Amino acid sequence: MEDESKLRAFEARIEAGEKIEPKDWMPERYRKQLIRMISQHAHSEIVGMLPEGNWITRAPSLRRKMGLLAKVQDEAGHGLYLYCSAETLGVDRSEVVDQLLYGTAKYSSIFNYPTLTWADIGTIGWLVDGAAIVNQTMLAKCSYGPYSRANIRICKEENFHKKQGYEIVATMAKGTPEQKRMVQDAVNRWWWPSLTMFGPPDKDSPNSAELMKWQVKLQSNDELRQRFVNLTVPQASVVGVALPDPDLKYNSKTGNWDFGALNWDEFFAVIKGNGPCNRQRMRARRIAHENGKWVRDAAGAYAAKKRAA
Amino acid sequence: MDDDSRHALFEYLLRLGDDRLVLGHRLSEWCGHGPILEEDIALTNIALDCIGQANNFLQLAGSVENKGRTADDLAYFREAIEFKNLMLVEQPNGDFAYTIARQFLFDVFSFHLLEELQHSSHQELAGIAAKAVKEDRYHLRHSREWVLRLGDGTDESHQRIQSAFNDLWMYTGEIFQADKVDDLLFEKGISVDLKSIESKWSENVSEALTEATLAVPDAEQYMASGSRQGIHTEYLGHMLTEMQILTRSFPEAKW
């Protein structure tokens, strides 16, 4: 009975646009859903370092090398403060990291695709960070204070990443014939996976209704996906890159760009672990974690000695 | 500036630039694979500082040379025998202890060097050094703290970092071998007295190793030398192959 009145008060606060803070009462489902979402978001940042890190040592100029290093470093930083946000909900970072490495925790499927040429780095910045911004701009308004604030900060940096990526794409698109070929190939490969970043269609999205009621999400997967397509189509035409969808067409009734059917079988397969790079991404993370154990042990032992002294 | 000085300064700036480019490259290989997230961030950040410093030194080298070469031309279109970085910084990452030992040995040198170079009579060089020394102060604090943690942490970490120092020691002798480039620039007040840097380096290194319960490696062993003349270990060629592949494959392209 007491819980029910607490729940009503909680929902009234959300309705009034107040932020929920770590020490406030919240329903267990709200806490669980947020832990799931925030830790998935954190894992995505960390796993996302791998495909882009793949090109740091081969970046074609010092300026590009610095830009990419800074971007990947930002992602590690996002991971760190997202793990901190998750910790405000009463989980331990090592616990959620273990769920990623040895359990069933998810991360964004987009990072299970390989980066095959330098054009992939530009394309990821433009499309993948672009899609992430659409999603995170919404999350920056979510009802949970620490996650909302983390996303405000993340969005600022992601905007910079997107500009940087788009500039790489634009430079290559007006470059040599080989560069043009590389950039079109990269866009062909990344376009569809980018659209799946918003999650399954609304009708198949099991968590959405509850998340929207509690204003963890404020827009549906399909709404966000449409917004991203609408933003991206004109950007593609400015740089003269084709988006690989013959059904892409402006709809003057809705004001939206209609687009073709997504391959949801592939999406669900990749989420289940059956994508091009799932195994190698997780293997790289596990190796880093396991090779780092003696380092973490040493730091702990040293700190304990200093405390005892 | 006379031709001899100009040439010496060009060589000297390549040394400064290449040390940081090559070390930054090695550190960047850790990105995404660090032992703990905070260290992933720290190593990437130090890599970024190193590449930024390299870019500044190489840019100045190009302008001193006055043949129209940019920092990118110097980074991407020279052969291994034209690179003038210390052998120490091109050594592979190994485990985290190896990376930290390599970093610490270089950081102590680099910090004291840049501290002096801030007062170089060459204004642009002094300016770059003044900015870089602020970054190096942090790098040195970071690597020194890890030397202590690993040296005085667990038995395993102690053994790992001790053997890293033992393996890398042979590359520390050439750091302080002055040649005519150093001598000429020192006379002009452009470079520094390597002897005075060496004594600070020895003092700082042995003080840290002792505090970390580590032994200072035996000086009576084979000491490598020659990298300032372009003689390197086998590792550099492989690193440059990777670093330069894309740029060299499409020399006409702008990126």
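A brief look at the structure comes next.

So, how was this worked out
- Residues numbered from 1 in each chain as written.
- Chains lettered and ligands numbered in written order.
- Predicted model: local features only at pLDDT ≥ 70, side-chain atom pairs only at ≥ 80, totals over all residues.
- Heavy atoms only, no water.
- Helix = DSSP H or I, 4+ residues; strand = E, 2+ residues; numbered from the N terminus.
- Rg over C-alpha atoms; globule rule 2.2 N^0.38 Å.
- Areas by Shrake-Rupley, 256 points an atom, 1.4 Å probe, with all protein chains shown as cover.
- Lys, Arg positive; Asp, Glu negative; His and termini not counted.
- Charge placed at Lys NZ, Arg CZ, Asp CG, Glu CD.
- Salt bridge = Lys/Arg side-chain N within 4 Å of Asp/Glu carboxyl O.
- Patch = residues over 30% accessible without salt bridge, like charges linked within 9 Å, V, L, I, M, F, W, Y side chains within 5 Å.
- Contact = heavy atoms within 4.5 Å.
- Buried area = accessible area lost by both parts, 1.4 Å probe.
- Polar contact = N/O pair within 3.5 Å; in protein donor to acceptor, adjacent residues only side chain to side chain.
- Nonpolar A, V, L, I, M, F, W, Y, C, P; charged D, E, K, R; others polar.
- 1 Å grid on protein atoms, 1.4 Å probe; cavity = no way out; pocket = protein on both sides within 12 Å on 5 of 7 lines; lining within 4 Å.
- Points joined across faces, edges and corners; volume = space filled by probe spheres on them.

## Some words on the overall build of chain B
Consideration 1: Check the secondary structure of chain B and you find ten helices and zero strands.
Consideration 2: Along chain B, helices and strands appear, N-terminal first, in the series α-α-α-α-α-α-α-α-α-α.
Consideration 3: Its C-alpha atoms give chain B a radius of gyration of 18 Å, within 12% of the compact-globule value 18 Å for 255 residues.
Consideration 4: In terms of its C-alpha atoms, chain B occupies a principal-axis envelope of roughly 55 × 40 × 35 Å.
Consideration 5: By element, 50% of the accessible surface of chain B is carried by carbon and sulfur atoms, the whole surface being about 10200 Å².
Consideration 6: If the 23 positive side-chain charges of chain B are averaged to one point and the 44 negative ones to another, these points end up 5 Å apart.

## Brief notes about the pattern of salt bridges
All names here are of chain A.
Consideration 1: For the coordinates displayed, the defined rule picks out 33 salt bridges over all chains.
Consideration 2: Arg-225 serves as the salt-bridge partner of Asp-222, at 2.7 Å between the closest nitrogen and oxygen. With a gap of three residues between them, Asp-222 and Arg-225 both fall in helix H9 (residues 221–239), about one helical turn apart.
Consideration 3: Salt bridges sharing partners connect three or more residues here, namely Glu-52, Lys-71, Glu-75 and Asp-129.

## Here we look at a negative patch on the surface
Consideration 1: A contiguous patch of negative charge on the surface is contributed by Glu-87, Asp-92, Glu-95 and Asp-98 of chain A.
Consideration 2: The residue Glu-95 of chain A is located in helix H4 (residues 93–102) in this model.

## So, the interface of chain B and chain A
Consideration 1: The interface of chain B with chain A comprises 47 residues on the first partner and 44 residues on the second.
Consideration 2: Here chain B and chain A share an interface that buries about 4000 Å² over both sides, 71% of which is from carbon and sulfur atoms.
Consideration 3: Sorting the residues of chain B by area buried against chain A places Leu-37, Leu-48 and Trp-255 of chain B first, and these three jointly supply 18% of that buried surface.
Consideration 4: At the boundary of chain B and chain A, one finds two salt bridges.
Consideration 5: A salt bridge links Arg-93 of chain A to Glu-38 of chain B, with the shortest nitrogen-to-oxygen separation between them at 2.8 Å.
Consideration 6: On the surface where chain B and chain A come into contact, there are 13 residue pairs in polar contact (both at pLDDT 80 or more).
Consideration 7: Of all the elements in the fold, those that place two or more residues in the side of chain B that touches chain A are helix H1 (3–28), helix H2 (37–65), helix H3 (71–76), helix H5 (96–117), helix H6 (123–151), helix H7 (155–168) and helix H10 (235–249) of chain B.
Consideration 8: In terms of residues, the side of chain B that touches chain A owes the most to one element, H2 of chain B, which gives eleven residues.
Consideration 9: Counted by class, the side of chain B that touches chain A contains 23 nonpolar, 13 polar and eleven charged residues.

## Looking at empty space enclosed by the protein
Consideration 1: The full count for this structure, using the stated rule, is two cavities of 30 Å³ or more.
Consideration 2: Considered as a void within the structure, the largest cavity measures approximately 110 Å³ in volume.
Consideration 3: As for the largest cavity, its lining consists of Tyr-12, Arg-15, Leu-16, Phe-109, Leu-113, Glu-174, Ile-175, Gln-177, Asp-182, Leu-194 and Arg-228 of chain B.
Consideration 4: If you list the elements that add at least two residues to the lining of the largest cavity, you get H1 and H5 of chain B.
Consideration 5: Tallying contributions element by element places H1 of chain B first for the lining of the largest cavity, with three residues.
Consideration 6: Of the residues contributing to the lining of the largest cavity, the split by class is six nonpolar, one polar and four charged.
Consideration 7: When its volume is computed, the second largest cavity comes out at roughly 30 Å³.
Consideration 8: Lining the second largest cavity, in full, are Leu-68, Lys-71, Ile-121, Gly-125, His-161, Gln-164, Gly-165 and Ile-168 of chain A.
Consideration 9: The element best represented in the lining of the second largest cavity is helix H6 (residues 145–173) of chain A, accounting for four residues.
Consideration 10: For the lining of the second largest cavity, the class distribution of residues is three nonpolar, four polar and one charged.

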